[in-house]
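Take a look at the letters that make up each chain.
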Amino acid sequence: MSGPKLESEPETMMTSRSGGTAFNVILSPPQASPPEKLDRPPSSSNPLSAEELESKLQAAEARRKLIEAQKLTQLQENERRAEEVRRQKEERESLRREGEEQQ
């Protein structure tokens, strides 16, 4: 069976490694066709006016400021919680010391 290979026939090669592990490597042309080029969506037919562009920029700045304020509030809350935990830990530690001193 040493005839010429057809394009559609996969070629099989036996490969071995040290340690006795063997595996088959199948060389064949790709089975699926390549994906078609994706088209970008058409751009808007009317460009933004200067006023619309300015209003969008202002809205984006307002969103950024809001997000920054929310992050700052969250950080302050986390710091408040951490300070409360430290204070409680110090109270427990002082009560423990007092209990040891009384014994």
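All of these numbers come straight from a predicted model, not from anything done at the bench. (Residues numbered from 1 in each chain as written. Predicted model: local features only at pLDDT ≥ 70, side-chain atom pairs only at ≥ 80, totals over all residues. Heavy atoms only, no water.)

## Some words on the overall build of the protein
Consideration 1: Broken down by element type, the protein carries one helix and two strands.
Consideration 2: The N-to-C order of helical and strand elements in the protein reads β-β-α.
Consideration 3: Out of the 103 residues belonging to the protein, those deemed buried represent 1%.
Consideration 4: Of the roughly 10500 Å² of accessible surface on the protein, 54% is carried by carbon and sulfur atoms. (Helix = DSSP H or I, 4+ residues; strand = E, 2+ residues; numbered from the N terminus. Buried < 20%, exposed > 50% of the residue type's maximum accessible area, 1.4 Å probe, protein only. Areas by Shrake-Rupley, 256 points an atom, 1.4 Å probe, with all protein chains shown as cover.)

## Considerations on the pattern of salt bridges
Consideration 1: As enumerated under the stated definition, the model contains nine salt bridges in all.
Consideration 2: A salt bridge links Arg80 to Glu84; its shortest N-O distance comes to 3.1 Å. Remark: Glu84 and Arg80 occur in helix H1 (residues 50-102); sequence separation between them is four residues, near one turn of the helix.
Consideration 3: Taken together, the shared-partner salt bridges in this structure form one network comprising Glu77, Arg80, Arg81 and Glu84. (Salt bridge = Lys/Arg side-chain N within 4 Å of Asp/Glu carboxyl O.)

## Examining a nonpolar patch on the surface
Consideration 1: A surface patch of nonpolar side chains, about 280 Å² in accessible area, is lined by Leu48, Leu53 and Leu57.
Consideration 2: Along the polypeptide, Leu48 turns up in the loop between strand S2 (22-27) and H1. (Patch = residues over 30% accessible without salt bridge, like charges linked within 9 Å, V, L, I, M, F, W, Y side chains within 5 Å.)

## Observations concerning the confidence of the model for the protein
Consideration 1: A residue-level look at the protein finds 78% of positions with pLDDT of 70 or above and a mean pLDDT of 81.
Consideration 2: Model confidence for the protein, summarised as mean pLDDT per element, is weakest for strand S1 (residues 11-16) at 62 and strongest for H1 at 94. (pLDDT = per-residue confidence, 0-100.)

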